[in-house]
Amino acid sequence: MTDLLSLFRTMVRIRAFEDAAEAASQGGVSWGGAATGKPGEVRVKGPLHLSTGQEAVATGVCAHLGPEDLLTSTHRGHGHTLAKGADSTKMMCELFGRATGYNAGKGGSMHIADFSVGMLGANGVVTAGLPIAVGAAHALKIRKTGAIAVSFFGDGAINRGPFLEALNWAQVFKLPVLFVCEDNQISATTKSAPMTAGTNAASARAQSLDIEATRVDGNDVEAVSDAASQLIAQIRAGSGPRLLHAITYRQKGHVSVDPATYRKQEEVAEALKDDPILRARALLAQRGLGEQAARIEAEAKAEIDAAVAAASAAPAPDAAAAYTDILTTGEGMWK
Amino acid sequence: MTDFATTNTANEPRVSTLTYAQAAAAALQEAMRADQHVVAMGEDLGRGGVFGQYRSADGRNLVDIFGEERVIDTPISEATIMGAGVGMALAGLRPVVEMRVADFALCAIDELVNQAAKNRYMFGGQGRVPLVARLPIGIWTASAAQHSQSFESWFAHVPGLVVVAPSTPADNYGLLRSALQCGDPVVYMEHKELWGMSGEVVHEPVELGRARVAFSAGPSGRTDVTLVSWSRQVHVCVDAARALAEQGIHAEVLDLRTIWPWDRDAVLASARRSGHLLVVHEAVQAAGFGAEVAATVAEHTDARVARLGAPRIPVGYAGSLELESRVGVEQIRQSALRLLKRA
Ligand SMILES: Cc1ncc(C[n+]2csc(CCOP(=O)(O)OP(=O)(O)O)c2C)c(N)n1
């Protein structure tokens, strides 16, 4: 199902999730570390990296994946996780640090994961997901499962060594892996361009290794979906790795409590006009599907409201859980 | 450990004489035969590994037995060798990840410490990373400062990792087999100066986390001093124990074999019997694992404790400089005597 309505549904679920997570994080720890607000009222703590504005990339790519396909993500992983098929309530529980969360409260936003749908985790270390995806793809190839691996990463991630290592490895072994550069043009609080040598660096660096790369407007969900569909079909047919370079925009600060004063209001205002959800909504209206779109948006909000309510009521992990799921070897020998 | 099928059909475990390197190759070979999910990867594996540890006793390279898909020659990309190992493990394989020497594993430290070690906990038990990372350690004659280091204490410090350091061919066989079954990420540290050591190997797994008595105290059962060590230094301790025996001092040498989890019970029991504990390791003494053993014994027994390791200097190239980093028999003997207040 890759029609615009179903793509729209995924995008607005992600947006609703990000908005709710952001609201629940306000009053937590400010950018710079000082505590603000009343700790008891803050339900999402710690660094919360929102993907608001980037929904079309996760949505367009994951629309072509099944649960057997494996995915590694970034620190900004809520959208990828939802798009891959995870349950919004278990995700929200994790952000709230509840025992009922996907990671049993041990991971939080930065490590959100649902292995049951092949989502192998967000990652607190920039670029770290690429070698893991390459290994997963390598295993899938050896095991001849027919599945593929996908790795999302930011435009800042291409400047760390494991990017080159992973792309080279994938090409040398002709692995079934799609690299997706989610190019929001900024890295934390610094514009990426002056920090990155070369033009169209993500695509160009892939091409230097003879890996075919496609650049796409990352705010046009149909364009992303079409491009991803083609690349994934090639990969499934045995082409080896491909790279999708999607240009998008990060509407919020680096973390939820970052006011992003390092960029101009005019720039943000201009970028907001290109919001992928606005664009898809307008298209749907043009196609006479405005009413259905409105219903889908209402459903998404209701779903996420229910997730927040469930997460608010869920229990915190027992302190004893701090000692579980570390090692099996030597368990019980002594603490 | 139920998913492990042994290929041995006889009732008695097979026994053979192998080098330390061949013993590891035999363990890997038998594990690969028993479980098709076991794969090995690293630089130069196609040539049998730089130390021949991927070459079976009959001289064949494991790649010729299992094929390039399961014994994988990789680019010089340590971060991705380790990171791919994590991904492979998550996707259902049991990778053996070769780092050539422990020193180069530092290029893969994020993948080992932040990814492999943290996966299971961070994701609330969703992920398991059953990988064995082989990080050869230790001084290797005239290999100087970047090919001679022993980092076992670094990895023992990291929650989520198992750390193993075998000292004999028998243990290199048995511990590698157990490492390949255990389901946790294992930092498996072989000593480069032991590759050629020959010995009798019983083809059976050796339980992780259990120490071995490498040298027994006197026939009376009296123990004057407990020497705790691991890896190559065990052999130096045994020589020191022999020298002490000539002086009428009965030393018991315990080979920890597994640095994490380590056999605290065996060490405490021996220290209680002897009242004197000396931990000896090849690694730099400062912040070494000997400090952990010594402190634990001090906290739980009345034994007098001491530790002995290398000075905090890089390993030098010239023989005279390298020697400064080696902990020798005489030093161990002197330390034991001082501990016993007989020096
Ligand atoms: C190895 C590493 N270095 C630095 C950081 C701190 N950090 C977190 S996100 C980030 C920016 C990454 O930029 P990009 O990959 O473009 O992703 P974006 O945040 O823009 O989505 C940085 C520097 C980190 N988490 N890991």
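Rules used in this analysis
Residues numbered from 1 in each chain as written. Chains lettered and ligands numbered in written order. Predicted model: local features only at pLDDT ≥ 70, side-chain atom pairs only at ≥ 80, totals over all residues. Heavy atoms only, no water. Helix = DSSP H or I, 4+ residues; strand = E, 2+ residues; numbered from the N terminus. Rg over C-alpha atoms; globule rule 2.2 N^0.38 Å. Buried < 20%, exposed > 50% of the residue type's maximum accessible area, 1.4 Å probe, protein only. Contact = heavy atoms within 4.5 Å. Lys, Arg positive; Asp, Glu negative; His and termini not counted. Charge placed at Lys NZ, Arg CZ, Asp CG, Glu CD. Pairing = 2+ DSSP bridges. Axes fitted to C-alpha atoms, helices over the stretch in contact; angles between N-to-C directions. Right-handed = clockwise from strand over helix to strand, strands pointing away. Near = heavy atom within 4 Å. Polar contact = N/O pair within 3.5 Å; in protein donor to acceptor, adjacent residues only side chain to side chain. Areas by Shrake-Rupley, 256 points an atom, 1.4 Å probe, with all protein chains shown as cover. Nonpolar A, V, L, I, M, F, W, Y, C, P; charged D, E, K, R; others polar. Buried area = accessible area lost by both parts, 1.4 Å probe. Salt bridge = Lys/Arg side-chain N within 4 Å of Asp/Glu carboxyl O. Domains from an automatic or database assignment. UniProt positions renumbered as here; feature names shortened; annotations may be inferred. Phe/Tyr/Trp six-rings, centres within 6.5 Å; stacked < 30°, edge-to-face > 60°. pLDDT = per-residue confidence, 0-100.

(A) Expanded view of the overall build of chain B. Across its full length, chain B holds 12 helices and 14 strands. Since a compact globule built from 343 residues should have a radius of gyration of about 20 Å, the 20 Å found for chain B is in line with a globular shape. Considered along the principal axes of its C-alpha atoms, chain B spans approximately 60 × 45 × 45 Å. Buried residues in chain B amount to 62% of all 343 residues. By sequence separation, contacts in chain B at least 24 residues apart represent 80% of the contacts at least 6 residues apart. Here chain B contributes 31 positive and 38 negative side-chain charges, whose respective centroids are spaced 5 Å apart.

(B) Structural view of the sheet that holds strand S7 (residues 186-188) of chain B. All names here are of chain B. Spatially, 7 strands are ordered S3-S2-S4-S5-S7-S6-S12 in an open sheet, and the strand pairing comes out mixed. This sheet does not close on itself; its edge strands, each paired only once, are strand S3 (71-73) and strand S12 (258-260). Here the strands of the sheet are splayed against their neighbours by 20° on average, with no regard to which way each runs. Examined bridge by bridge, strand S6 (residues 162-164) and S7 share 3 bridges and lie parallel to one another. Its bridge partner being in S7, valine 163 is matched across the sheet by valine 187. Together, strand S2 (38-42), S3, strand S4 (94-98) and strand S5 (132-134) form the strand contacts of helix H1 (residues 20-34), whose direction differs from that of S2 by roughly 135°. The sheet contacts of helix H7 (residues 169-181) involve S2, S4, S5, S6, S7 and S12, and relative to S7 the element is tilted by about 160°.

(C) Representation of the pairing of strand S7 (residues 242-247) of chain A in the model. All names here are of chain A. Across the 6 residues of S7, 5 count as buried, placing the element largely inside the fold. Both strand S6 (residues 213-217) and S7 contribute to a ladder of 5 bridges, which runs parallel. Bridge pairing in S7 links valine 216 to alanine 246. Assessed by its sense of winding, the connection that carries the chain from S6 through helix H8 (residues 221-236) to S7 is right-handed.

(D) Layout of the site of the ligand. All names here are of chain A. Around the ligand sit 15 residues in total, of which His75, Arg76, Gly124, Gly156 and Ile186 are the nearest. Residue asparagine 184 places a side-chain N or O atom 3.0 Å away from an oxygen atom belonging to the ligand. Alone, the ligand offers 590 Å² of accessible surface; in the complex the protein occludes 71% of this. Residues belonging to the shell around the ligand are distributed by class as follows: 5 nonpolar, 7 polar and 3 charged.

(E) Layout of the interface of chain B and chain A. Taken together, the contact pairs 49 residues of chain B with 45 residues of chain A. Across the chain B/chain A interface, buried area totals approximately 3,800 Å², and carbon plus sulfur atoms make up 64% of it. It is Tyr121, Phe123 and Gln126 of chain B in chain B that bury the most area against chain A; as a group they hold 18% of the surface buried on that side. At the boundary of chain B and chain A, one finds 2 salt bridges. Where chain B packs against chain A, one counts 18 residue pairs in polar contact (both at pLDDT 80 or more). Contributions of two or more residues to the side of chain B that touches chain A are made by S2, S3, helix H3 (78-90), helix H4 (109-116) and helix H5 (119-122) of chain B. The leading source of residues in the side of chain B that touches chain A is H3 of chain B, at 10 residues. Tallied by class, residues from the side of chain B that touches chain A come to 23 nonpolar, 16 polar and 10 charged.

(F) Representation of the domain arrangement of chain B within the structure. Residue and element names in this part refer to chain B. Taken domain by domain, chain B comprises domain 1 (17-202) and domain 2 (212-341). Inter-centroid distance (C-alpha atoms) of domain 1 to domain 2 is 26 Å. Between domain 1 and domain 2, the contact holds 28 residues from the first and 25 residues from the second. In this assembly, domain 1 packs against domain 2 so that about 2,100 Å² is buried in total across both faces, 58% of it on carbon and sulfur atoms. Summed over the shared surface of domain 1 and domain 2, the number is 4 salt bridges. Among the ionic pairs, arginine 212 bridges to aspartate 171, the shortest N-O distance being 3.4 Å.

(G) Representation of the UniProt feature "domain: Transketolase-like pyrimidine-binding" (unreviewed entry) in chain B in the model. UniProt annotation of "domain: Transketolase-like pyrimidine-binding" (unreviewed entry) refers to residues 18-197 of chain B when read in the numbering used here. Between the C-alpha atoms that bound residues 18-197 of chain B the distance is 8 Å, and the span itself is 35% helix and 13% strand.

(H) Focus on the packing of aromatic side chains. The final tally for this structure, using the stated rule, is 9 aromatic pairs over all chains. Ring plane angle 50° and centroid distance 5.5 Å describe the contact between phenylalanine 115 of chain A and phenylalanine 123 of chain B, whose orientation is recorded as tilted. Pair noted here: phenylalanine 115 of chain A is in the loop between helix H4 (88-95) and helix H5 (129-142) and phenylalanine 123 of chain B is in the loop between H5 and S5, and the two residues belong to different chains. You'll find phenylalanine 115 of chain A and phenylalanine 123 of chain B in the same group, each marked buried. Seen in terms of ring centroids, tyrosine 20 of chain B and tryptophan 195 of chain B are 5.7 Å apart; in terms of plane orientation they differ by 65°. Their pairing is edge-to-face. Of this pair, tyrosine 20 of chain B sits in helix H1 while tryptophan 195 of chain B sits in the loop between S7 and strand S8 (198-202), placing them 175 residues apart in sequence.

(I) Structural detail: the confidence of the model for chain B. Residue and element names in this part refer to chain B. Confidence in the prediction of chain B, expressed as mean pLDDT, is 95, and 97% of residues score 70 or more. Scored below 50 in pLDDT, residues 1-7 makes 8 contacts in the model with residues more than four places away or belonging to other chains. Interface confidence for the predicted complex, expressed as ipTM, amounts to 0.91; the pTM equals 0.94.

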